[in-house]
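Below are the chains, spelled out letter by letter.
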Amino acid sequence: QVHLVESGGGLVQAGGSLRLSCVASGSISSIKAMGWYRQAPGKQRELVAGITSGGSTNYADSVKGRFTISRDTTKNTVYLQMNSLKPEDTADYYCNVVRLVLLTTGPETYWGQGTQVTVSS
């Protein structure tokens with residue numbers, strides 16, 4: 001089992017910045033990717049940014065140029081630096097981990113409890 005703990009959410013004005021952190025613990029071997037998703041009330045959860053074990057990153061079009069995902073493999077931590085925040089960024093942000101021990105078993109997906117980000121206009 002992988003346990004994920006997010007932190008760093010809060011209330012900011014439009015144009016401000018926040019940095020989210022997610023620490024993974026437990027069975028953290030064979031993690032293939034870590035990322036951030038968000039979910040606004042009444043909407044589906046969507047991918048914000050992801051990073052693979054090899055260091056490749058990908059971003060939602062809506063956050064490109066504003067958000068940066070990074071990781072510290074020693075600390076089993078992934079970060080999301082959010083700059084130039086907009087009201088539409090308001091959502092619960094969830095840390096995600098994909099773990100693959102054996103190809104025959106298939107991937108395992110884990111989620112954190114979420115951290116609230118609110119951006120005022």
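Residues numbered from 1 in each chain as written. Predicted model: local features only at pLDDT ≥ 70, side-chain atom pairs only at ≥ 80, totals over all residues. Heavy atoms only, no water.

Peer 1: When you look at the packing of aromatic side chains in this model, what are you seeing that I'm missing?
Peer 2: Pairs of aromatic rings are described using the distance from one ring centre to the other and the angle between the two planes. By the definition in use, this model includes one aromatic pair. Ring centres 4.9 Å apart and planes at 75° place the aromatic pair Y37 and W111 in the edge-to-face group. With Y37 in strand 4 (residues 31-39) and W111 in strand 10 (residues 108-111), this pair connects stretches of sequence that are 74 residues apart. Owing to a relative accessible area of 22%, Y37 belongs among the partly exposed residues under this scheme. (Phe/Tyr/Trp six-rings, centres within 6.5 Å; stacked < 30°, edge-to-face > 60°. Helix = DSSP H or I, 4+ residues; strand = E, 2+ residues; numbered from the N terminus. Buried < 20%, exposed > 50% of the residue type's maximum accessible area, 1.4 Å probe, protein only.)

Peer 1: Looking at this structure, how should I read the side chain of R38?
Peer 2: Structurally, R38 is set in strand 4. Looking at R38, its side chain comes within polar contact range of the side chain of Y93, at 2.9 Å. Contacts of R38, omitting those with residues within four sequence positions, involve Q44, R45, E46, V48, S62, V63, F67, E88, D89, A91, D92 and Y93. (Polar contact = N/O pair within 3.5 Å; in protein donor to acceptor, adjacent residues only side chain to side chain. Contact = heavy atoms within 4.5 Å.)

Peer 1: Looking at this model, I keep getting lost on the sheet that holds strand 3 (residues 18-26). Mind explaining?
Peer 2: Paired through backbone hydrogen bonds, the strands of a sheet run either parallel or antiparallel to each other. Spatial ordering of the open sheet is given by 1-3-8-7, a layout of four strands whose pairing is antiparallel. For this open sheet the edge positions go to strand 1 (2-7) and strand 7 (67-72), each flanked by a neighbour on one side alone. With direction set aside, neighbouring strand axes in the sheet form an average angle of 15°. Bridging between strand 3 and strand 8 (residues 77-82) involves six bridges; their strand directions are antiparallel. Along strand 8, the bridge assignment pairs S21 with Y79. (Pairing = 2+ DSSP bridges. Axes fitted to C-alpha atoms, helices over the stretch in contact; angles between N-to-C directions.)

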